[in-house]
Amino acid sequence: MGLLNDKVALVTGATRGIGRAIALRYAAEGADVAFTYLSSAEAAESLVKEIEQMGRKAVGYRSDAASYDEAHELVAAVQKEFGRIDVLVHNAGITRDTLLMRMTADQWNAVIQTNLTSAFNISHAISSVMARQRGGSIIFMSSVVGIGGNVGQANYAASKAGLIALAKSIAKELGARGVRANCIAPGFIQTDMTAVLSDEIKASFVEGISLRRAGTPDDVAGVALFLASGLSSYVTGQVISCCGGMRG
Ligand code: NAP
């Protein structure tokens, strides 16, 4: 018996990195998985195949998280195809790093739109589905920098902080309908997003991590499994850091 037997999960941004690891972990625990991507159609096809080989249903949707209309069309399509949606992991996210003084309005807006407004878009669409079902788990992929801020990431940190307040508000609004909403705050995780950092910066990050290693997408998927499953049935409005004990 898997922890997510017969559940339907929707994971945004699942063609790479953390989202992909979550989609696979959920399928391994018995869930059927709908997921989104923006440009990686080939990677989406191979993820569908991988999940189907595990004996679960999977459908990949090209859907821009930043678009209100596409998010609503997506939720309607998933509802039609799978019949219900028990778990939402809103994981899609981007960075446009630079110091505040150099940051353009375009860089600010792109990150806020893709990381934060997207969460409004999809939770707006999905909240009525979950409220009708009288149950569901909403998980936003925040970040430790959404708690502590970061040099060169004012836009990203603000978007990730906004996700925390949004999840806490959803938890309060929808708790009476049995819908839970929580955030995961990963630290330094090895994915394409962090591959662009220099070896020097990566080494300095690891120095500041109690467990003395970068995290893996699977490390984050474990927390996402907990929050999706009945193991967290009395957990809502919370932020769980998954950062190996980042110091300072
Ligand atoms: P990643 O490797 O860059 O993958 C990003 C995923 O999001 C891809 O599947 C990408 O699809 C999708 N995506 C990007 N923009 C999208 C859009 N507008 N609409 C739909 N999908 C979109 O990222 P990651 O490192 O796994 O990070 C996943 C999440 O964790 C992000 O929210 C990130 O901010 C957060 N996080 C990451 C770290 C870290 O250290 N890596 C730390 C803290 C938080 P395509 O492949 O089609 O482009």
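Details of the structure are given in the entry above.
Residues numbered from 1 in each chain as written. Predicted model: local features only at pLDDT ≥ 70, side-chain atom pairs only at ≥ 80, totals over all residues. Heavy atoms only, no water.

**Here we look at the sheet that holds strand β5 (residues 136–141)**
Strand pairing in a sheet relies on backbone hydrogen bonds, with the paired strands running either antiparallel or parallel.
In step 1: An order of β3-β2-β1-β4-β5-β6-β7 is seen for the seven strands of this open sheet, with the pairing classed as parallel. The open sheet has two free edges, formed respectively by β3 (58–62) and β7 (239–242), since each of these has just one partner strand. Taking each pair of neighbouring strands and ignoring which way they run, the sheet shows an average axis angle of 15 degrees.
In step 2: Bridge count for strand β1 (residues 8–11) against strand β2 (residues 32–37) is four bridges, and the pairing is parallel. Within β2, the position partnered with Leu10 by the bridge is Ala34.
In step 3: Strands β1, β4 (87–90), β5 and β6 (179–186) of the sheet are contacted by helix α4 (residues 105–133), whose axis makes an angle of about 175 degrees with β4. (Pairing = 2+ DSSP bridges. Helix = DSSP H or I, 4+ residues; strand = E, 2+ residues; numbered from the N terminus. Axes fitted to C-alpha atoms, helices over the stretch in contact; angles between N-to-C directions. Contact = heavy atoms within 4.5 Å.)

**What about the site of the ligand?**
In step 1: In the vicinity of the ligand lie 31 residues, with Ser39, Ser40, Asn91, Tyr156 and Thr191 positioned nearest.
In step 2: Within the side chain of Thr15, one N or O atom sits 2.7 Å away from an oxygen atom of the ligand.
In step 3: Take Ser39: an N or O atom from its main chain is 2.6 Å from an oxygen atom of the ligand.
In step 4: Contact with the protein chains hides 95% of the accessible area of the ligand, taken as 900 Å² for the molecule alone.
In step 5: For the shell around the ligand, the secondary structure elements donating two or more residues are α1 (17–28), α6 (154–174) and α7 (192–195).
In step 6: When residues in the shell around the ligand are grouped by element, the largest group, three residues, is from α7.
In step 7: Of the residues in the shell around the ligand, the class split is 13 nonpolar, 14 polar and four charged. (Near = heavy atom within 4 Å. Polar contact = N/O pair within 3.5 Å; in protein donor to acceptor, adjacent residues only side chain to side chain. Areas by Shrake-Rupley, 256 points an atom, 1.4 Å probe, with all protein chains shown as cover. Nonpolar A, V, L, I, M, F, W, Y, C, P; charged D, E, K, R; others polar.)

**What about helix α2 (residues 41–53)?**
In step 1: Between the first and last C-alpha of α2 there are 19 Å, a value that for 13 residues agrees with the 18 Å anticipated at 1.5 Å per step.
In step 2: Turning to α2, its buried residues number three or more, namely Ala44, Leu47, Val48 and Ile51. End-on view of α2: buried residues confined to an arc of 105 degrees, all on one side of the axis. Turned more than 90 degrees from where α2 packs its buried face, Glu42, Glu45, Lys49 and Gln53 sit exposed.
In step 3: Looking at the packing, one finds that the buried side of α2 touches α1, β2 and β3. (Expected span 1.5 Å × (residues − 1). Buried < 20%, exposed > 50% of the residue type's maximum accessible area, 1.4 Å probe, protein only. Arc of directions from axis to C-beta.)

**Overview of the environment of Ile94**
In step 1: Within the element layout of this structure, Ile94 appears in the loop between β4 and α4.
In step 2: Taking the C-alpha atoms as reference points, Ile94 and Gln113, 19 residues apart in sequence, are found 9.8 Å from one another.
In step 3: In contact with Ile94, other than residues within four places in its own chain, are Ala110, Val111, Thr114, Asn115, Tyr156 and Met193.

Remember, this is a structural readout, not a statement about activity or role.
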